[in-house]
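# Structure at a glance
Residues per chain are reported as follows:
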Amino acid sequence: MIEELDWGLLVIGYLFLAGVGAGAILVSAFLTLGAGEFGASRFAIARYGAFIAPLPVIVGTAMLVLELGRPFRALNLFKLINLSPMSVGSWFVGVFITVSLLYALTFIPRAAGFGDRLNRARRGLAWVCLPFGFAMAVYTAILIGAMPARPFWNSPAIVLLFVLSALSGGVASVMLALAVFHKPGGNPAVAEDRDKSAHALGSADAMLLLGELAIILLFLLFAQLSIGSVREAASVIHAGGALAAPFWGFVVLLGILIPAGMEMGVIAPKLLSGKLFNSYRAVEILAPVAILIGGFALRYVVVVAGQITGPISI
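Residues numbered from 1 in each chain as written. Predicted model: local features only at pLDDT ≥ 70, side-chain atom pairs only at ≥ 80, totals over all residues. Heavy atoms only, no water.

### Overview of the packing of aromatic side chains
- Within this structure, the stated rule accounts for eight aromatic pairs.
- Ring plane angle 75° and centroid distance 5.9 Å describe the contact between F92 and F132, whose orientation is recorded as edge-to-face. Here F92 is found in helix α5 (residues 85-105), whereas its partner F132 is found in helix α6 (residues 119-145), with 40 residues between them in sequence.
- Under the relative-accessibility criterion, F132 is labelled partly exposed at 23%.
- Put simply, the rings of F43, Y103, F107 and F114 touch in pairs and so form one group of aromatic residues.
- The cationic tip of R299 hangs over the ring face of F162; the distance from NZ or CZ to the ring centre is 5.0 Å. (Phe/Tyr/Trp six-rings, centres within 6.5 Å; stacked < 30°, edge-to-face > 60°. Helix = DSSP H or I, 4+ residues; strand = E, 2+ residues; numbered from the N terminus. Buried < 20%, exposed > 50% of the residue type's maximum accessible area, 1.4 Å probe, protein only. Lys NZ or Arg CZ within 6 Å of the ring centre and 35° of its normal.)

Structural data, given as structure tokens:
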């Protein structure tokens, strides 16, 4: 199926990677500017987010350029300045990569930390990263939602779903880095601080996943109550539809319900009864991996569904 589409795996990969990069930079900038119930590991998490953020966007942009067939044609997007999603998005991507790389450089010194000699520059760049990170997350959604000829894409729900998925993917990538690289080393104080950070990240991510689920339900409800092309387009993800299996299996079950259940299972005791939070390494690794797989599957389903169903007349 994918070989017959105008937008194939390279574009889908770009949309996914750009969303992860945007989410990671927002997590990092938010912590750099100081907020949330994080302990001393706050700087370590901000560092992971800063190092992660530019890499997926650079790789995704390279994939998008390859999709054009002639790489130098991509430069035309910078020469022609208008308000089209492609033109505005190209400038957003260019500025995002530049700013995020500069921001990441402030975390490289081994002695780097909040209050060091690079702190003022780091915080200044974090303020710039916040709007551009959000713009990147929104742009990947607008690129899809700004096509009225495709009824599956032309819905505010798709835009909101892509934004929440980008934020969740960014949080998941940072959670995975924290689980793999930030080890207590037998120090109880470090272990407790790491658990506190894992609890805060897991709580935030669980809320994002529940938000995604709510948007999906609203999208399905709106489509069911509609007539004509919108309802017909949404039928591809209903039972028996061409994309029902990847949508319900990978997007909803693997990408949302399973990781949300895993995260709620470990954070609920503290939220409900104030019990000591116990972090499980399996959850810290498997939940983010499932979220990232689900995030890619979401973009696959949406991009493919929009092309195989539209335009459809009433």
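The discussion continues.
### Concerning the side chain of D205
- Of note, D205 is situated in helix α8 (residues 188-225).
- With no salt bridge to any partner, buried D205 finds its closest opposite charge in R299, at an N-O distance of 11 Å.
- Excluding residues within four positions of it along the chain, D205 makes contact with S168, V171, A172, M175, E263 and I291. (Lys, Arg positive; Asp, Glu negative; His and termini not counted. Salt bridge = Lys/Arg side-chain N within 4 Å of Asp/Glu carboxyl O. Contact = heavy atoms within 4.5 Å.)

### As for the packing of helix α7 (residues 156-181) against helix α11 (residues 281-309)
- Between α7 and α11, whose axes approach to 9 Å, the crossing angle comes to 150°. Here α7 lies roughly antiparallel to α11, going by the angle between them. At the point where α7 passes α11, the crossing takes the left-handed sense. Where α7 approaches α11, its residues I158, L161, F162, S165, A166, S168, G169, A172, M175, L176, A179 and V180 are matched on the opposing element by R281, E284, I285, P288, V289, I291, L292, G295, L298, R299 and V302.
- Of the residues belonging to the contact of α7 with α11, the class tally is 16 nonpolar, four polar and three charged. (Axes fitted to C-alpha atoms, helices over the stretch in contact; angles between N-to-C directions. Parallel < 35°, antiparallel > 145°, perpendicular 65-115°, else oblique. Left-handed = near helix turned anticlockwise from the far one by under 90°. Nonpolar A, V, L, I, M, F, W, Y, C, P; charged D, E, K, R; others polar.)

### Things to note about the environment of A29
- Within the secondary structure, A29 is located in helix α1 (residues 9-32).
- Once residues within four sequence positions are removed from consideration, A29 is found in contact with Y103, A126, C129 and L130.

These figures capture arrangement, not role.
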